[in-house]
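Structural overview for review
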Amino acid sequence: MVTHPEIPRHIAIIMDGNGRWAKERGLPRLEGHRVGAESVQEVLEASIQLGVEYLTLYAFSSENWRRPATEVSALMGLLNRFLENKAKELDRQNVRLIAIGQVDRLPEKTRVLIERIEARTANHTTLTLVLALSYGGREEIVEAARSLASDAAAGNISASDIDAELFASRLQTSGIPDPDLLIRTSGEMRVSNFLLWQISYAEIVIVKKYWPDFRHGDLLDSVEEYKRRHRRFGSL
Ligand code: FPP
């Protein structure tokens, strides 16, 4: 497949505002997450249609464990349902699934579902869907530093071997190109511990809508904004 050069190869999204979306409608927060899962489906479809190669979604942060137990288990339930319902479709659509984050902290059922789908879709090439689950950028960087330090202590590498390329190879995103476009919904202008290393050169698009309202057309609009910025740089 030939990707249009103006289409970002990798889009990363901070899906924010499910709770506020629900609150404004007098609904329980969980309803915001449920409708947010529908946005996930639409954005995945839109990304495939656009020819995006990697879509990374911040589905659960390492800080999200501090939310009430009922909300955490409802989020895991939505994730399980998404994985169960989408397994066949991802396979059929030639989509590869990868999870990053401290996946071992997830409930057993979720872990098993992820492992199964990762194995089943490992060789798929249309798009890679990266789910960031129990993910924290600092934790990921610390883990990479720890792995390099133990290699250095064991004499496998020396300190002077460590450069950006070697460091990046120890991150969980090793082999995945850095995001070209980072989208955050709900108007907040924060990075919130998401892909700290990888977004160094990403274009950031902040969208005012809450995540449950972010749909197919909103992804296209964000890509249009990305293209406009690229054209401006091109004309300098
Ligand atoms: C942020 O809204 C969203 C989350 C913490 C979770 C995102 C989860 C989903 C969209 C649903 C399930 C995911 C998949 C991949 C099917 P918030 O709760 O922080 O909203 P608030 O800031 O308004 O409170």
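Refer to the structure above for everything that follows.
Below or above, wherever it landed, is the structure these notes cover. The model shown is predicted, which means the values in this text are computed figures rather than measured ones.

A tally of regular secondary structure across the chain gives seven helices and six strands. Starting at the N terminus, the α and β elements of the chain follow one another as β-α-α-β-α-β-α-β-α-α-β-β-α. Rg of the C-alpha trace for the chain: 18 Å, near the compact-globule value of 18 Å for 236 residues, within the 12% margin. Taken across its 236 residues, the chain has 46% of its residues classed as buried. In the chain, the share of contacts with a sequence separation of at least 24, taken over all contacts with a separation of at least 6, comes to 78%. Within the chain, the 33 negative side-chain charges are centred at a point lying 5 Å from the centre of the 31 positive side-chain charges.

What follows is about helix H4 (residues 108-121). Relative to the 20 Å expected for 14 residues at 1.5 Å per residue, H4 spans 20 Å between its end C-alpha atoms, a close match to the ideal helical length. Taken residue by residue, H4 has Thr 110, Leu 113, Ile 114, Ile 117 and Thr 121 as its buried positions. Down the axis of H4, the buried set is contained in an arc of 95°. They therefore lie on one face. Those residues of H4 that are exposed and angled more than 90 degrees off the buried face are Glu 108, Arg 116 and Ala 119. Against the buried residues of H4 lie helix H3 (69-92), strand S3 (95-100) and strand S4 (127-135).

In this section: the site of the ligand. Surrounding the ligand, one finds 15 residues, the nearest of these being Met 15, Gly 19, Arg 20, Arg 29 and Arg 67. Gly 17 is positioned such that a nitrogen or oxygen atom in its backbone is 3.4 Å from an oxygen atom of the ligand. Arg 67 is positioned such that a nitrogen or oxygen atom in its side chain is 2.8 Å from an oxygen atom of the ligand. Burial of the ligand by the protein amounts to 92% of the accessible area it has alone, namely 620 Å².

For the rest of this paragraph, the subject is a nonpolar patch on the surface. A surface patch of nonpolar side chains, about 300 Å² in accessible area, is lined by Met 189, Ile 204 and Ile 206. Turning to its location among the elements, Ile 204 is positioned in strand S6 (residues 203-206).

A word on the side chain of Asn 18. Along the chain, Asn 18 falls in helix H1 (residues 18-24). Here the side chain of Asn 18 touches His 33 through a polar contact of 2.9 Å, side chain to side chain.

Basis of the calculations
Residues numbered from 1 in each chain as written. Predicted model: local features only at pLDDT ≥ 70, side-chain atom pairs only at ≥ 80, totals over all residues. Heavy atoms only, no water. Helix = DSSP H or I, 4+ residues; strand = E, 2+ residues; numbered from the N terminus. Rg over C-alpha atoms; globule rule 2.2 N^0.38 Å. Buried < 20%, exposed > 50% of the residue type's maximum accessible area, 1.4 Å probe, protein only. Contact = heavy atoms within 4.5 Å. Lys, Arg positive; Asp, Glu negative; His and termini not counted. Charge placed at Lys NZ, Arg CZ, Asp CG, Glu CD. Expected span 1.5 Å × (residues − 1). Arc of directions from axis to C-beta. Near = heavy atom within 4 Å. Polar contact = N/O pair within 3.5 Å; in protein donor to acceptor, adjacent residues only side chain to side chain. Areas by Shrake-Rupley, 256 points an atom, 1.4 Å probe, with all protein chains shown as cover. Patch = residues over 30% accessible without salt bridge, like charges linked within 9 Å, V, L, I, M, F, W, Y side chains within 5 Å. Salt bridge = Lys/Arg side-chain N within 4 Å of Asp/Glu carboxyl O.

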